[in-house]
Amino acid sequence: MVTGIGLLCGVGNTAPEVWENLLAGRSGMAPITSFDTTSFSVTFAAEVKNFDPLDFVEKKEARKMGRFIHFALAASHEAITSSGLTITAANADRVGVHIGSGIGGFDVIEREHTAMLKGGPRKISPFFIPASIVNLAAGQVSIRYGAKGPNEATATACTTSAHSVGDAYRIIGRGDADVMIAGGAEAAITPMGVGGFAAMRALSTRNDDPEHACRPFDMDRDGFVVGEGAGILILEDLDHARSRGARILAEIVGYGMSADAYHITSMAPEGEGCLRAMKSALDSAHLGPEAVDYVNAHATSTPLGDVLETAAIKKLFGERANQGQLLVSSTKSMTGHLLGGAGGLEAGITILALCNQIAPPTANLDRPDPACDLDYVANHPRKTKIDVALSNSFGFGGTNGALVFRRWEE
C-alpha cells in the first residue's frame, strides 16, 4: 500500500504544489541560475526553486551532504508527514529505506576536485565521500528517522527510483519489513552534468524558449531537459497500515524489469525491452493489458525514444491503444527529466492521478509526430476513470522498469 508521497522538482516543492502546476500545464524549465552557462551550448534546465535545505536539516549537517541528499531528506519529510507514520523503538527495525540516485553528488565531486586542483589533496573535505556517494541519501534518511530495517540504494541510471520502489515493494512482500521509505533523488544540474549530456547531443538546445523545449511525441522535439529533485513514497503492508489507521492512497500491485542487451544509450528496436518490462509488471500483478487505464510514459522528448516507447505500448495494449481507450502522458514535458529521480517522481504523480481520477497532460504537444499516434492527453488534463495505472522508466545501459498501481477502495 502507498500511504505517503513526497515530491520535489522544478514545478513544485511539495506533492500538492507539483500536482496543481502539472494540471495547469506550468513548465519548470528556465535559464540555469546555479552556474555561469556563457560557454555552454545548453543554458537552461528544470531547477528546483526557492529551496532551502535548512528547512529540513541543521546547517552544520547540511554542509556534509550533497544537494541530492538535501532533496531526499525534504521529500522523505513530506512523505513521512503525509503518511502519519511514527517511527519508534518498537517498530524501527521493521521500517526500511530504499532510496537511489543515478549519479549522486555531482556537485560535491566537482567542488572538491576544484579545491584539490587549486590547493592540493589537503584541501579535500573529509566529508567529500559521504557527501557524494549514492547510498548516503538512504543512509541519511535512515539516520534522521531512526529507520533500522533494510537499507539499500539503487543506481540504474534513469530507471533508478522505479527499481527502488519496486524492490521495496518486494521487500515488504517477502516479509522483511512492514514499511519502506522508497524512491530516488538527483541533482545533476552542474557544469559537468549539463556539459556531459550536451556533449552526447541528448539535450534540447531550445535556449530561446525553455518553457516549450521539452516536447514529448511532438514533431519538433529535439532532446530532453535535465531536471532535479526527488520523489519518495511510503510503502506499507496492508495489515500494518490498517492497524494504525493510515490513509491508503493507492495499492502497488505489480513490478517488472528487463534488459535491452542492445546498446549503451539507445533502446532496443521496436521498444522490445520496454515491452517486456511492462508485460512483466502486469504479469506480476495478475492483470491483463485491458485492465490499464493510464500510462505515465518515460517519454523524454528524444526523437527515437518516444517512437520506440509508443511502439511498445501499441504492441502490448493492441486495439485499446490504437482506438484511444488508453490514455498516455509524459509529465517530463513540465518537470524535465530527473534521471535517477524520475521514477519516484512519476510514480507519485501516477498515484495522484489515481486518487484524483485525472490524467495529467503532455505539455507542448502541438504537432504530433505521425509515428506517435496514441492519445497523449495533449496540453490539457482530462477527468477520467482510472482504476489501474502504469509508470514506465528506462535507462542507459538498457535497464527498464515498470510499476503498476491500482486505485484503492475498502
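Residues numbered from 1 in each chain as written. Predicted model: local features only at pLDDT ≥ 70, side-chain atom pairs only at ≥ 80, totals over all residues. Heavy atoms only, no water.

1. Comments concerning the overall build of the chain
Stated precisely, the cut-off is as follows: By the criteria applied, helices consist of DSSP H or I runs no shorter than four residues and strands consist of E runs no shorter than two, each listed in order from the N terminus. Each radius of gyration reported is based on C-alpha atoms, and the globular scaling rule is 2.2 Å times the count of residues to the power 0.38. Burial classes: relative accessible area under 20% of the type maximum marks a residue as buried, over 50% as exposed, and values in between as partly exposed (1.4 Å probe, protein chains only).
When its secondary structure is counted, the chain shows 14 helices and 14 strands. Here the C-alpha atoms of the chain give a radius of gyration of 20 Å, agreeing with the 22 Å that 2.2 N^0.38 yields for 410 residues. The principal-axis extent of the C-alpha atoms belonging to the chain is close to 65 × 55 × 40 Å. Looking at the 410 residues of the chain, the share that counts as buried comes to 60%.

2. Describing the environment of Tyr-294
Here is the rule: Think of a polar contact as two N or O atoms within 3.5 Å of one another; within protein, one of them needs to be a possible hydrogen donor and the other a possible acceptor, and neighboring residues in sequence only count if both atoms come from side chains.
Position of Tyr-294 among the secondary structure elements: in strand E9 (residues 294-296). Separated by 36 residues in sequence, Tyr-294 and Ser-258 have C-alpha atoms that sit 21 Å apart. Side-chain polar atoms of Tyr-294 contact the side chain of Ser-329, separated by 2.6 Å.

3. Comments concerning the pattern of salt bridges
Our working rule: Any Lys or Arg side-chain nitrogen located within 4 Å of an Asp or Glu carboxyl oxygen qualifies as a salt bridge.
The final tally for this structure, using the stated rule, is 21 salt bridges. Between Asp-369 and Arg-221 there is a salt bridge, and its shortest N-O distance comes to 3.1 Å. Of this pair, Asp-369 sits in the loop between strand E11 (358-359) and strand E12 (382-383) while Arg-221 is found in the loop between helix H8 (191-199) and strand E7 (229-236), placing the two residues 148 residues apart along the sequence. For Asp-369, a relative accessible area of 12% puts it in the buried group. For Arg-221, a relative accessible area of 8% corresponds to the buried category. The closest approach of N and O atoms between Arg-276 and Glu-272, which form a salt bridge, is 2.4 Å. Pair noted here: Arg-276 and Glu-272 are both in helix H10 (residues 272-284), with a separation of 4 residues, about one helical turn. Overall, Arg-276 belongs to the partly exposed group, its relative accessible area being 35%. Here Glu-272 falls in the partly exposed class, since its relative accessible area comes to 32%. Connected through salt bridges with shared partners, the residues Arg-215, Asp-218 and Asp-366 form a single ionic network.

4. Some words on the packing of aromatic side chains
When we look at a pair of aromatic rings, we describe it by the centre distance and by the angle of the planes. Put simply, the test is: Aromatic contacts are taken between Phe, Tyr and Trp rings whose centres are within 6.5 Å, Trp giving its six-membered ring; a plane angle under 30 degrees counts as stacked, one over 60 as edge-to-face, and the others as tilted.
Summed over all chains, the structure comprises 6 aromatic pairs. On the basis of an interplanar angle of 15 degrees and a centroid distance of 5.9 Å, the ring pair of Phe-51 and Phe-56 is categorised as stacked. The class for Phe-51 is buried, based on a relative accessible area of 16%. Judged by its relative accessible area of 26%, Phe-56 falls in the partly exposed class. Among the aromatic residues, ring-to-ring pairing joins Phe-51, Phe-56 and Phe-71 into one connected group.

5. Regarding the layout of surface pockets
Spelled out, the test is: Points on a 1 Å grid, built from protein atoms alone, make a cavity when a 1.4 Å probe fits but cannot get out and make a pocket when they are open with protein on both sides within 12 Å along at least 5 of 7 lines; residues with an atom within 4 Å of a point are the lining residues. Grid points are joined across faces, edges and corners, and a volume is the space filled by probe spheres set on the points. Polar here means any residue other than Ala, Val, Leu, Ile, Met, Phe, Trp, Tyr, Cys and Pro, which are nonpolar, and Asp, Glu, Lys and Arg, which are charged; Gly is therefore polar.
Volume-wise, the largest pocket comes out at about 510 Å³. Along its surface, the largest pocket is lined by 28 residues, and Thr-265, Ser-266, Thr-300, Thr-302 and Phe-396 are the ones closest to its centre. Counting residues per element, the ones that place at least two in the lining of the largest pocket are helix H11 (305-317) and strand E13 (388-395). When residues of the lining of the largest pocket are assigned to their parent elements, the largest contribution, 4 residues, is made by H11. A class-by-class count of the residues in the lining of the largest pocket yields 11 nonpolar, 12 polar and 5 charged. Empty space within the second largest pocket amounts to approximately 280 Å³.

6. Considerations on the side chain of Thr-3
Its location among the elements puts Thr-3 in strand E1 (residues 2-8). Since its relative accessible area comes to 1%, Thr-3 is described here as buried. Polar side-chain contacts of Thr-3 include one of 2.8 Å to the side chain of Glu-236.

7. Topic: unusual backbone geometry
Of note in this structure, Phe-217 is not a glycine but carries a positive phi near 70 degrees. Positionally, Phe-217 belongs in the loop between H8 and E7. Overall, Phe-217 belongs to the buried group, its relative accessible area being 1%. Positive phi, close to 70 degrees, is recorded for Asn-379, a residue that is not glycine. Along the polypeptide, Asn-379 turns up in the loop between E11 and E12.

8. Let's talk about the pairing of strand E6 (residues 179-186)
Let me state the cut-off plainly: At least two DSSP bridges between two strands are needed for those strands to be called paired.
Most of E6 is tucked away: 8 of the 8 residues are buried. Across 6 bridges, strand E4 (residues 95-100) lies against E6 in parallel orientation. Counted as the bridge partner of Ile-99 is Gly-183 from E6.

9. Considering the nonpolar core
Condition: The nonpolar core is taken to be a set of buried Ala, Val, Leu, Ile, Met, Phe, Trp, Tyr and Cys residues, with the residues joined through side-chain atoms within 4.5 Å. Any two residues having at least one pair of non-hydrogen atoms within 4.5 Å are treated as being in contact.
The biggest cluster of nonpolar side chains holds 43 residues, and the ones touching the most others in it are Ile-5, Leu-233, Leu-235 and Phe-405. It is helix H14 (residues 342-356) that contributes the most residues to this core, 8 residues altogether. Those residues within four positions of Leu-235 in sequence are excluded, and the remaining contacts are Met-1, Val-2, Val-165, Ala-168, Tyr-169, Ile-172, Asp-178, Val-179, Met-180, Ala-182 and Ile-252. Judged by nonpolar contacts, the second largest core, of 33 residues, contains Ala-62, Met-65, Ala-138 and Ala-147.

10. Focus: the side chain of Ser-83
Within the secondary structure layout, Ser-83 lies in helix H3 (residues 67-83). The class of Ser-83 is buried, set by a relative accessible area of 5%. Within the structure, the side chain of Ser-83 is placed 2.8 Å from the backbone oxygen of Ile-80, a separation counted as a polar contact. Setting aside residues no more than four positions away along its own chain, Ser-83 makes contact with Thr-3, Gly-4, Ile-234 and Arg-244.

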